[in-house]
Amino acid sequence: MASPNPLSDRVTRRASVITRHLLQHPPPSTTLRPSICVEYTPPDPSSPSDFDTVELRRILDGHHVADRDWVFGLMRESRLFCPRRIGRSDTVFVSPDYNQSMEQQREATMRRVEYLSSRGVFEGWLTRDDPEMEMRKFAAFECIGIYDHSLAVKLGVHFFLWGGAIRFFGTKRHHDKWLKDTEDYVIKGCFAMTELGHGSNVRGIETVATYDRSTEEFVINTPCESAQKYWIGGAAKHATHTIVFAQLYIDGANQGVHAFIAQIRDANGNVCPNIRIADCGHKIGLNGVDNGRIWFDYLRVPRENLLNSVADVTPDGQYVSAIKDPDQRFAAFLAPLTSGRVNIAVSTICISKIGLGVAVRYALTRRAFSIAPNSPEVLLLDYPSHQRRLLPLIAKTCVMSCSGNYLKRIYVKKTPEANKMIHIYSSAFKAMFTWHNMRTLQECREACGGQGLKTENRVGSLISEFDVHSTFEGDNHILLQQISKALLGEYLAVQLKKRPFKGLGLEHMNGPYPVIPDNLTSSVLRSSEFQSYQVAEDLARAFSERVIFQIFLDTEASFPAGPLKKLFGLLRSMYALVSLEEDSVFLRYGYLSPSNVAIVIKEVANLCSELRPHALSLVESFGIPDAFLSPLAFNWIEANSWSSVQQQQ
């Protein structure tokens, strides 16, 4: 008998394996268990929330729900908004094509503006001056921003800044000449306030306007490079006119910052004489807006182009103003920024709703890991850690929605007495809401895993698109400093006159401070009395949180007993306790002991488990149509299937 040859046996076995591989013979069926593929299952509707999602949407939207749906419909039905069907889904998704070049995105934005104008969306935006129209305008503007930030900014600059400046700073001669053509988009306006050397510090801008009484003209000049107007939306390509903010000089005396109308392009799009314009270039987002830089080379504009509701110059060069105090006069010239901050605050919350709508729906259909071998994998949103990531952000978004609606109401009904409050509230909400939005989008992006990186799923793109809001219309940190200054001034005035606080949301300081127990309980933590006091301490930031909380509390108090009121109690408690948990000042100032902080953290976890069954109903109440979300919010397996690849080729 021949002795075995190990080398020969190994060669034979390897040759057999390679042969089977090359001939694509499957391995014996007894060696492996059949693979079980992941299948998409829609969110479980077996335990729907007992509150009315339509009613909750009405509360969160606040107004003009039917008008919002009309604007959404206009965008869905036009090819200009890049409609696409993915896989076998019945949903047609719409969103900007961020793969286009900067020039293509700018031209797409312009075509969309012209389409919306032709469909009557902007009718009455400048020629009607009543609260109903203002609220309708806010509603439409929010819907447009949900589709595309560039489109919203392009319209915001034109209608709210250029058009708003003419309305508020101008008088009848300006209204008659400019408003109708602006509303019809015959004139394309921009707003030249920010300079290379001065952004938030408007008082320090360096552009100069000198009055020439011999010709009754203002001569506008850029005296140095730091005085070039910078980040001017619309200036690089499309704008025909601009509002110029400049230091007004008469006979060598500086009268402070004033606003002038100047034409920068002719009807054929050619840059006017004595004007130089350059592009700001490619940005991390907002590339559908043609931000530009402007230099003025002794540009002459008629005396009548001074926007003169605050101050005027007579033909012979006399400066006249009903506001004698230069500081008060300067404050009046910053009024258009209030509308910008209101718009940013309310539209930012809409974007948080998009991120949460996508991330929550994905978390209700995506499974990962199992508790035991061979058991089903667990839904992402059933993990306490995932609940802790998303559910507090839902609560904060709902609470802030109510504050945004309140801000719009006081803005459109503004009175001279309310101007200070509007300025403080708009600054506070703009800062707090934009920071909240960036945190929400980042958390939602991470909660979507690798799918969150895909442009078509929107969340990642929204981060780069809305990052600018932290410095847009005022750096958030500087805005909070302004709020602190105003609050300190109000506090000192009240103390000096020995009178109670009235207005600005400070009335709670008139009563005695409640005693905080050493050991907090769940019932104490969820009581509005405890929450009202605790969120009221650290000046600007805490003031902002306290006002936001109080507005939501007032909204909750208006409901009769029932499911919606109970839900609002959960959302309110979540907002308040997360504010306590996340802000170190409560530990730093000794208002919460370390042991009580641990109790707060535990109660937040309890609230997460109570809100978990309502997660889908809450995001459905956000009023974002399916088409404006993303494929990831629905059948994400079908969206990534081979048939979808072939469909898109």
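Residues numbered from 1 in each chain as written. Predicted model: local features only at pLDDT ≥ 70, side-chain atom pairs only at ≥ 80, totals over all residues. Heavy atoms only, no water.

## Some thoughts on the UniProt feature "binding site: FAD" (unreviewed entry) in the protein chain
Note the threshold: UniProt positions are given in the numbering used here, feature names are shortened, and annotations may be inferred rather than shown by experiment. The helix count covers DSSP runs of H or I at least four residues long, the strand count covers runs of E at least two residues long, and both are numbered beginning at the N terminus. When accessible area is computed with a 1.4 Å probe and restricted to protein chains, residues below 20% of their type maximum are described as buried, those above 50% as exposed, and intermediate ones as partly exposed.
Annotation from UniProt places "binding site: FAD" (unreviewed entry) at Thr194 and Gly233. A stretch of 40 residues holds the annotated residues, and the largest C-alpha distance among them is 10.6 Å, short enough that they meet in one place. Structurally, Thr194 can be placed in the loop between strand 3 (189–192) and strand 4 (208–212). Examined against the element boundaries, Gly233 turns out to sit in the loop between strand 6 (229–232) and strand 7 (241–250). Take Gly233: its relative accessible area is 10%, and that puts it in the buried class.

## As for the packing of helix 10 (residues 384–412) against helix 16 (residues 539–557)
Selection rule: Axis geometry follows a simple rule: fit a line to the C-alpha atoms, using only the stretch in contact for helices, then measure angles between N-to-C directions, giving values from 0 to 180 degrees. For classification purposes, an angle smaller than 35 degrees is called roughly parallel, one larger than 145 roughly antiparallel, one from 65 to 115 roughly perpendicular, and anything else oblique. Two residues qualify as a contact provided that any one of their heavy atoms is within 4.5 Å of a heavy atom in the partner residue. Residue type decides the class: Asp, Glu, Lys and Arg count as charged, Ala, Val, Leu, Ile, Met, Phe, Trp, Tyr, Cys and Pro as nonpolar, and the leftover types, Gly among them, as polar.
Helix 16 packs onto helix 10 with a crossing angle of 90° between their chain directions and a minimal axis gap of 8 Å. Classified by the interaxial angle, the pair formed by helix 10 and helix 16 is roughly perpendicular. Of the residues in helix 16, those in contact with Cys398, Val399, Met400, Cys402, Ser403 and Tyr406 of helix 10 are Ile548, Ile551, Phe552 and Thr555. For the contact of helix 10 with helix 16, a count of residues per class yields eight nonpolar, two polar and no charged.

## Description of the pairing of strand 11 (residues 299–302)
Operational definition: Pairing between strands requires that DSSP locate at least two bridges from one strand to the other.
Taking every second residue as pointing to the same face, the buried face of strand 11 carries Leu299 and Val301, while none of Arg300 and Pro302 on the other face is buried. Judged from the four bridges that link them, strand 5 (residues 217–221) and strand 11 form a sheet pairing that is antiparallel. When the sheet's bridge partners are listed, Phe218 is paired in strand 11 with Val301.

## Brief notes about the environment of Thr338
As for its position among the elements, Thr338 is in helix 9 (residues 335–363). When the C-alpha positions of Thr338 and Arg88 are compared, they lie 46 Å apart, and in sequence the two are 250 residues distant. Beyond its immediate sequence surroundings of up to four residues, Thr338 is in contact with Tyr411, Ile422 and Ser426.

## Section: the sheet that holds strand 9 (residues 275–279)
One open sheet accounts for three strands, arranged 6-10-9; its pairing is antiparallel. Each of the sheet's edge strands pairs with one partner strand only, and the pair in question is strand 6 and strand 9. Across the sheet, the axes of successive neighbouring strands diverge by a mean angle of 25°, strand direction being ignored.

## Structural notes on helix 19 (residues 594–611)
Let me state the cut-off plainly: In this scheme, a helix's expected span is set at 1.5 Å multiplied by one less than its residue total. Think of it as the arc spanned by the lines of direction from the helix axis to the C-beta atoms.
For helix 19, which comprises 18 residues, the first-to-last C-alpha distance of 26 Å matches the rise-based estimate of 26 Å (1.5 Å per residue) to within 8%. Asn596, Val597, Val600, Glu603, Val604, Leu607, Cys608 and Leu611 are the residues of helix 19 that are buried. Each buried residue of helix 19 sits inside an arc of 150° when the element is viewed along its axis, so together they form one side. Across helix 19 from its buried face, at more than 90 degrees, point the exposed residues Pro594 and Lys602. Where helix 19 is buried, its residues meet helix 10, helix 14 (522–525), helix 17 (563–582), helix 18 (585–588) and helix 20 (615–620).

## Some remarks on the state of the cysteines
Worth spelling out the cut-off: By disulfide we mean two sulfur atoms from cysteines, separated by a distance within 2.5 Å.
Summed over all chains, the structure comprises zero disulfides. Note on Cys143: no disulfide assigned, nearest cysteine sulfur contributed by Cys350 at a separation of 7.3 Å. As a non-bridged cysteine, Cys398 has Cys402 as the owner of its nearest cysteine sulfur, 7.7 Å distant.

## Looking at the pattern of salt bridges
The criterion, for reference: Salt bridges, as used here, are contacts in which a Lys or Arg side-chain nitrogen is within 4 Å of a carboxyl oxygen on Asp or Glu.
A complete count under the given rule lists 34 salt bridges for this structure. Note that Glu103 and Lys237 form a salt bridge whose closest N and O atoms lie 2.8 Å from each other. One end of the pair, Glu103, is in helix 4 (residues 102–118); the other, Lys237, is in the loop between strand 6 and strand 7, with 134 residues separating them in the sequence. Counted as one network, the salt bridges with shared partners bring together Glu103, Arg106, Glu107, Lys237 and Asp279.

## Focus: the packing of aromatic side chains
Counted only if it meets this: Two rings from Phe, Tyr or Trp (for Trp, the six-membered ring) form a pair when their centres sit within 6.5 Å of each other. Planes less than 30 degrees apart are called stacked, planes more than 60 degrees apart edge-to-face, and all others tilted. In this scheme, the term charge over a ring applies when either NZ of a lysine or CZ of an arginine sits within 6 Å of the ring centre and within 35 degrees of the ring normal.
Taken as a whole and assessed by the stated rule, the structure comprises 25 aromatic pairs. Pairing Phe122 with Trp125 gives two aromatic rings, centres 5.0 Å apart and planes at 65°, and the pair type is edge-to-face. Ring geometry for Tyr211 and Phe218: centres 5.1 Å apart, planes at 55°, overall tilted. The same class applies to Tyr211 as to Phe218, namely buried. Linked through ring pairs, Phe122, Trp125, Phe138, Phe141, Phe159, Phe160 and Tyr411 together constitute an aromatic cluster. Taking the ring centre of Phe330 as reference, the NZ or CZ of Arg203 above it sits at 4.3 Å.

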